[in-house]
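One letter stands for each residue in the lines below.
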Amino acid sequence: EGAGPVWMSAGRDIVASGTYLGQPVQVFGNAMGNGTITATGNLFIHNNANDVSRVSAGRDIIYSSFDVAGPGTLEITAGRNIQMENRASITSIGPVRAGDNRPGASLVLQAGVGAEGLDYSHFIARYLDPKNQAVSGTPLAAQPGKVVKTYDEELRAWLTLGYGFNGNEEQVRAFYAALPSAEQAVFARQVYFAELRAGGMEYADEGGPRQGSYLRGRNAIAALFPTTDVAGNTLRYDGDITLYGGAGVKTLFGGDIQMLTPGGGLVFGVEGAAPLSTS
């Protein structure tokens, strides 16, 4: 139980953390004299919209349940698999304090991203520098490393809303660069999914510059999930997110759900078996 953001990290696996789905722990004779209470473990309570809890394993996260209360983000990252099957759940339960109308925490699950995780700083740098703006009227394919849109104005708005930022254009990127990497990643993922959506819309844009092409989205994917590192070593992405039965990933009072499995799959349910009403 954590009365604030929690960072839980394992070099290899996290196994059976919290309690199995539907099997809370009975606690007798608690300090408040209220008799028997139950607990599920792994309850992280956020106070601020910028709070980020991180659960990371260099290899697998297996049969582990997590709840997060309040705003912010819960990021769960596995170098290989997030294996919930029908034994675990992940829930953003929203505000727990009277009068708190902020949306509940967002949930991020990343599987198969390697022991070191993802390098969001390298990805976002491409989309914040105005010098990387592609030349209009020239095919994007002929401009490697260039982007259709930079997100400096969106970054300014995000920092103003979330951090009360008030500065000039030069200070925007400097302020962002000084944030902890976990907080930088929140905005970087927004840019990533925005580029994927824009790429899909361009594909269907009749008469547009990239009709029938997902190039813009593929470029974003390649930037976040490169096939080689800076030393030229091959990078592999291999891992799945698997859940079925009563398991689920839920945000009950606002908050996004983002799942990334760059080299694997997402399994929601088993063929021929209806999910439980509580899943």
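The structure this text deals with has already been given above.
Residues numbered from 1 in each chain as written. Predicted model: local features only at pLDDT ≥ 70, side-chain atom pairs only at ≥ 80, totals over all residues. Heavy atoms only, no water.

The next thing to look at is the nonpolar core. For soluble globular proteins, nonpolar side chains are generally found buried alongside one another. Formed by 32 residues in total, the largest nonpolar core has its most connected members in Phe123, Ile124, Tyr176 and Phe187. Sorting elements by how many residues they give to this core places helix H4 (residues 181-203) first, with eight residues. Other than its neighbours up to four places away in sequence, phenylalanine 123 contacts Ala188, Val191, Tyr192, Ala220, Ala223 and Leu224. Counting 25 residues, the second largest nonpolar core, distinct from the first, contains Phe44, Phe66, Ile76 and Ala88. (Core = buried A, V, L, I, M, F, W, Y, C linked by side-chain atoms within 4.5 Å. Buried < 20%, exposed > 50% of the residue type's maximum accessible area, 1.4 Å probe, protein only. Helix = DSSP H or I, 4+ residues; strand = E, 2+ residues; numbered from the N terminus. Contact = heavy atoms within 4.5 Å.)

This part takes up the packing of helix H1 (residues 120-128) against H4. Taken N-terminus to C-terminus, the directions of H1 and H4 make an angle of 60 degrees; their axes are 10 Å apart at the nearest point. As the angle between them shows, H1 and H4 are arranged oblique. Considering the relative orientation of H1 and H4, their crossing is left-handed. Two secondary-structure elements touch here, H1 through Tyr120, Phe123, Ile124, Tyr127 and Leu128 and H4 through Ala185, Phe187, Ala188, Arg189, Val191, Tyr192 and Glu195. Grouping the amino acids of the contact of H1 with H4 by side-chain chemistry returns ten nonpolar, no polar and two charged. (Axes fitted to C-alpha atoms, helices over the stretch in contact; angles between N-to-C directions. Parallel < 35°, antiparallel > 145°, perpendicular 65-115°, else oblique. Left-handed = near helix turned anticlockwise from the far one by under 90°. Nonpolar A, V, L, I, M, F, W, Y, C, P; charged D, E, K, R; others polar.)

What follows deals with the sheet that holds strand E1 (residues 7-10). Where strands meet in a sheet, backbone hydrogen bonds hold them as pairs that are either parallel or antiparallel. The five strands are arranged E1-E6-E9-E12-E15 in an open sheet whose pairing can be described as parallel. Unpaired on one side and paired on the other, E1 and strand E15 (257-260) mark the two borders of the sheet. Here the strands of the sheet are splayed against their neighbours by 10 degrees on average, with no regard to which way each runs. Note that strand E12 (residues 106-111) and E15 share four bridges and pair parallel. The residue of E15 that forms the bridge with valine 108 is glutamine 258. (Pairing = 2+ DSSP bridges.)

Along the chain, the position of alanine 88 falls in the loop between strand E10 (82-85) and strand E11 (89-94). The spatial distance from the C-alpha of alanine 88 to the C-alpha of glycine 245 is 9.9 Å, given a sequence separation of 157 residues. Other than its neighbours up to four places away in sequence, alanine 88 contacts Leu21, Tyr63, Ser64, Ser65, Ala247 and Gly248.

The strand order across the open sheet formed by four strands is E5-E8-E11-E14, and the pairing between neighbours is parallel. At either margin of the open sheet sits one strand with a lone partner, and together these are strand E5 (43-45) and strand E14 (248-251). Looking at each pair of strands side by side, their axes are set apart by 15 degrees on average, direction ignored. Of the strand pairs in this sheet, strand E8 (residues 66-69) and E11 are connected by four bridges, and their pairing is parallel. Counted as the bridge partner of alanine 69 is glycine 94 from E11.

Turning next to helix H5 (residues 215-224). Where H5 is concerned, the buried positions are Leu215, Arg216, Gly217, Ala220, Ala223 and Leu224. Looking at the buried side of H5, the elements it contacts are H1, H4 and E15.

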